[in-house]
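# Understanding the architecture of this molecule
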Amino acid sequence: QARLGITSILVTHDQSEALSISDRVVVMNRGVIEEVGTPAQIYGEPHSPFTATFIGAMNEIPVRVVSARDRTVERQGERFQVAGADQLSDGSDALLLVRPESLDPSRPVAGPALRGRVEVQTFLGPTTRLLIRDATSTGSSVHDRDLIALDVPTSDAARWPIGSDLAV
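Described in the following lines is the structure provided in the data block. Note that the structure is predicted; figures quoted are calculated from it, not measured. (Residues numbered from 1 in each chain as written. Predicted model: local features only at pLDDT ≥ 70, side-chain atom pairs only at ≥ 80, totals over all residues. Heavy atoms only, no water.)

What follows concerns the overall build of the protein chain. Looking only at helices and strands, one finds three helices and 10 strands in the protein chain. Put simply, the protein chain runs from its N terminus to its C terminus through helices and strands in the order α-β-β-α-α-β-β-β-β-β-β-β-β. For the C-alpha atoms alone, the extent of the protein chain along its principal axes is close to 55 × 40 × 30 Å. Taken over 168 residues, the protein chain has a buried fraction of 33%. Within the protein chain, contacts between residues separated by at least 24 positions form 48% of all contacts whose residues are at least 6 apart in sequence. With an accessible surface of roughly 10,500 Å², the protein chain has 51% of that area assigned to carbon and sulfur atoms. Positive and negative side-chain charges of the protein chain, numbering 16 and 22 respectively, have mean locations separated by a distance of 2 Å. (Helix = DSSP H or I, 4+ residues; strand = E, 2+ residues; numbered from the N terminus. Buried < 20%, exposed > 50% of the residue type's maximum accessible area, 1.4 Å probe, protein only. Contact = heavy atoms within 4.5 Å. Areas by Shrake-Rupley, 256 points an atom, 1.4 Å probe, with all protein chains shown as cover. Lys, Arg positive; Asp, Glu negative; His and termini not counted. Charge placed at Lys NZ, Arg CZ, Asp CG, Glu CD.)

This is how it looks when you write it as structure tokens:
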């Protein structure tokens, strides 16, 4: 296909395959086009929560917009500056979408952070996914929004055993 320079359409549910071989990706939801873009755009800058959670793992963190102009949101007393908040209204509720591999527990945290306790470690080969229970959570389910997923190199996972506290 690349050698001949011909256009091809591939229909697949294999997200890795779609992202690795495509120039453009069309994400469909119940037969309706949800989003169209390059693989990097679809993965790194999704325009809808559906696309964000359909393509790869994604943390959905409820926040409140403090200042759209300053791109500042608040979550449980912690304020963060985030891209995209300038498209929202002051005082509105929003979802902060963060990929597990974008969070880093290995650097010292100075300033706002997501804090919690490691509840689950899941071996994924080269990475291990840590599920962190939010420090202010009262929930107990492993399926609620009080859990934040982050991926660490498996070789480093022993630094954060189940029960350890961390901030990212």
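It is worth spelling out the layout of surface pockets at this point. If you add up the space inside the largest pocket, you get close to 750 Å³. Of all the secondary-structure elements, those providing two or more residues to the lining of the largest pocket are helix H1 (15–21), strand S1 (25–29) and helix H3 (49–54). Classifying every residue of the lining of the largest pocket gives 15 nonpolar, seven polar and two charged. (1 Å grid on protein atoms, 1.4 Å probe; cavity = no way out; pocket = protein on both sides within 12 Å on 5 of 7 lines; lining within 4 Å. Points joined across faces, edges and corners; volume = space filled by probe spheres on them. Nonpolar A, V, L, I, M, F, W, Y, C, P; charged D, E, K, R; others polar.)

All right, on to the packing of aromatic side chains then. Counting across every chain of the model gives one aromatic pair. With a centroid separation of 5.3 Å and 15 degrees between ring planes, the pair formed by Phe50 and Phe54 is classed as stacked. Of this pair, Phe50 and Phe54 are both found in helix H3, four residues apart, which corresponds to roughly one turn of the helix. Assessed through its relative accessible area of 34%, Phe54 is described here as partly exposed. (Phe/Tyr/Trp six-rings, centres within 6.5 Å; stacked < 30°, edge-to-face > 60°.)

Attention now moves to the sheet that holds strand S3 (residues 59–67). Pairing is antiparallel across the open sheet formed by four strands, whose spatial order is S5-S4-S3-S6. The outermost strands of the open sheet, each flanked by one partner alone, are strand S5 (78–81) and strand S6 (93–98). Here the average twist between neighbouring strands, direction ignored, is 45 degrees. (Pairing = 2+ DSSP bridges. Axes fitted to C-alpha atoms, helices over the stretch in contact; angles between N-to-C directions.)

With that settled, consider the sheet that holds strand S9 (residues 147–153). With respect to topology, four strands assemble into an open sheet ordered S9-S8-S7-S10, the strand pairing being antiparallel. Whereas interior strands pair on both sides, the edge strands pair on one side only; in this sheet they are S9 and strand S10 (165–167). If you compare each strand with its neighbour and ignore which way they point, the axes differ by 45 degrees on average. As paired strands, strand S7 (residues 115–123) and strand S8 (residues 127–134) are joined by seven bridges and run antiparallel to one another. Within S8, the residue paired with Val120 across the bridge is Leu131.

Our next topic: a nonpolar patch on the surface. A contiguous nonpolar surface patch, about 350 Å² in accessible area, is contributed by Val26, Met28, Ile33 and Val36. Going through the elements one at a time, S1 and strand S2 (32–37) are the ones with two or more residues in the nonpolar patch. Within the secondary structure layout, Met28 lies in strand S1. What makes Met28 partly exposed here is its relative accessible area of 44%. (Patch = residues over 30% accessible without salt bridge, like charges linked within 9 Å, V, L, I, M, F, W, Y side chains within 5 Å. Salt bridge = Lys/Arg side-chain N within 4 Å of Asp/Glu carboxyl O.)

Here the focus is the pairing of S3. Each regular strand shows side chains that alternate between the opposite faces of the sheet. In terms of strand pairing, S3 meets S6 through six bridges, oriented antiparallel. The residue of S6 that forms the bridge with Glu60 is Leu97. The pairing of S3 with strand S4 (residues 72–75) spans three bridges and is classified as antiparallel. Bridge pairing in S4 links Arg64 to Glu74. Joining the antiparallel neighbours S3 and S4 is a turn of four residues, in which Arg71 adopts a positive phi near 60 degrees.

As far as function goes, none of this settles anything; it's purely spatial.
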